[in-house]
Amino acid sequence: MFGTVVVGIGIAGSVRIRDILNPMPSSPSKHLKLFGFVSRRTLGNIDEVKQISLKDALGNKEIQAAIISTDNKSHEENVRMFLEAGKHVLVEYPMALSASTARELWEMAEHKGKILHVEHIELLTEEYKQLKKEVAGKELVKGTLHFTGGALDEERSGFPAFSGIARLTWLVDLFGDLTVTSATREEQKEKSYSRMTAHFQTENKKPLTWIEERGPGLRRDKKINFCFKSGCLENLPEAPRSAVGIFMQDQNLFAKKLLGQVSREELAAEKWRILRCLDLAEEIQQHCERPVKIHS
């Protein structure tokens, strides 16, 4: 059994507690034992799970793993503390708000012989799995992925290329390595509105565009327009709801890694994808933050 602590009790952290307490029969998650949770707020017990201090979580030898479900800006600090304390770590995406920091944390995990698992539940939805099947084997001509959602506090969530890295992960997982050709951002701070547009080329020099648009009242939605030589895909495929929730699927994958049931090849491919997406996110941010040249 792997003694586990959940750090951060928002929506995701609460789901993590629920899933650890209710593992599927004979699943890898049966090997996780919840010792408690850590929160900045004083909450007492939740579902008979006790609140413990951060110091106790770091120092308790019976706790071997931590699940980090805090604000994005706090991910780096928490991952670093628990790795330094010799714990395995599951962290919600993005694992850090800079690519160099992410690589440093990954190297630390490898040096200490610990699992660093970055949650990417967007790859586990039935909708995405069906989309990947429909895209497989087709030759891309051009494509666009446009996400809309409510306003975010960037102080807590980071630049849109990082807070929205789930969309970037879709594109890299579907179409392979990408090169950023340009990126811009329109922002109306007084209205809490932001629209980031990033342009890429695939390895076959085909154009892809990612739009991340957020503001008050914007419905959470994803629109696609992927054109292939065989035709265009303009709507996300309908898919039945999975019998296993996406957080539970992710938790099972983490537990499989702890049990040594994931191949080196799979681990290496996942590491490449996660770090490559963070590299691209950082490059997009740099493009967007460059001063605009004024030509007289």
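Nothing here was measured: the structure is a model prediction, and the numbers come from that model.

Draft legend 1. Representation of the nonpolar core. Ranked by internal contacts, the top residues of the largest apolar core, which has 63 residues, are M95, L131, F200, F226 and I284. Excluding its chain neighbours within four sequence positions, the residues that come into contact with L131 are W170, L174, I224, F226, L233, L236 and P237. Counting residues in hydrophobic clusters, the runner-up holds 16 residues, among them L32, I67, L90 and A255.

Draft legend 2. Representation of the side chain of N252 within the structure. On the secondary structure map, N252 appears in helix α9 (residues 246–258). Relative accessible area serves as the criterion here: at 11%, N252 is assigned to the buried category. Apart from residues no more than four positions distant in its own chain, N252 is found in contact with M24, S27, P28 and S29.

Draft legend 3. Representation of the sheet that holds strand β12 (residues 221–228) in the model. Spatially, the six strands line up as an open sheet ordered β9-β10-β11-β8-β12-β13, and their pairing is mixed. Both outer strands of the open sheet, β9 (178–188) and β13 (231–233), are each paired with one neighbouring strand and no more. In this sheet, neighbouring strand axes are inclined to one another by 10° on average, regardless of whether the strands run parallel or antiparallel. Relative to strand β10 (residues 193–202), β9 runs antiparallel, the two being bridged by ten bridges. Across the sheet, V180 pairs through a bridge with F200, a residue of β10. Along the sheet, helix α8 (residues 165–175) contacts β8 (140–149), β9, β10, β11 (207–214) and β12; its crossing angle with β11, the most-contacted strand, is approximately 160°.

Draft legend 4. Quick peek at the sheet that holds strand β1 (residues 2–7). Ordered by their spatial adjacency, five strands build an open sheet running β2-β1-β5-β6-β7, and the pairing between neighbours is parallel. A single partner strand is all that each edge strand has here, and the edge strands are β2 (32–38) and β7 (116–118). For this sheet, the mean angle separating the axes of adjacent strands, direction not counted, is 20°. Sheet topology places strand β6 (residues 88–91) next to β7; three bridges connect them, and they run parallel. Within β7, the position partnered with L90 by the bridge is H117.

Draft legend 5. A look at the side chain of E212. Checked against the element boundaries, E212 lands in strand β11. Owing to a relative accessible area of 3%, E212 belongs among the buried residues under this scheme. A polar contact is formed between the side chain of E212 and the side chain of R167, at a distance of 2.5 Å.

Draft legend 6. The arrangement of the environment of G10 in detail. Secondary-structure assignment places G10 in the loop between β1 and α1 (11–21). Taking the relative accessible area as the measure of exposure, G10 reaches 36% and is therefore partly exposed. Residues G10 and A255, 245 residues apart in the sequence, show an inter-C-alpha distance of 22 Å.

Draft legend 7. Layout of the pairing of β11. Here β11 lies mainly inside the structure; seven of its eight residues are buried. The pairing of β8 with β11 spans seven bridges and is parallel. The residue of β11 that forms the bridge with L145 is W210. Connecting β10 to the antiparallel partner β11 that follows it, the hairpin turn spans four residues, and K205 within it adopts a positive phi of roughly 65°.

Draft legend 8. The pattern of salt bridges, seen in detail. As enumerated under the stated definition, the model contains 20 salt bridges in all. E154 is the salt-bridge partner of R185, the closest N and O atoms lying 2.0 Å from each other. Of this pair, R185 sits in strand β9 while E154 sits in helix α6 (residues 154–157), and the two are 31 residues apart along the sequence. A relative accessible area of 31% means that E154 is categorised as partly exposed. Linking D221 and R219 is a salt bridge whose minimum nitrogen-to-oxygen distance equals 3.5 Å. A relative accessible area of 62% places R219 in the exposed class. Here the salt bridges share partners, and the residues they tie into one network are R16, E92 and D250.

Conventions used here
- Residues numbered from 1 in each chain as written.
- Predicted model: local features only at pLDDT ≥ 70, side-chain atom pairs only at ≥ 80, totals over all residues.
- Heavy atoms only, no water.
- Core = buried A, V, L, I, M, F, W, Y, C linked by side-chain atoms within 4.5 Å.
- Buried < 20%, exposed > 50% of the residue type's maximum accessible area, 1.4 Å probe, protein only.
- Contact = heavy atoms within 4.5 Å.
- Helix = DSSP H or I, 4+ residues; strand = E, 2+ residues; numbered from the N terminus.
- Pairing = 2+ DSSP bridges.
- Axes fitted to C-alpha atoms, helices over the stretch in contact; angles between N-to-C directions.
- Polar contact = N/O pair within 3.5 Å; in protein donor to acceptor, adjacent residues only side chain to side chain.
- Salt bridge = Lys/Arg side-chain N within 4 Å of Asp/Glu carboxyl O.

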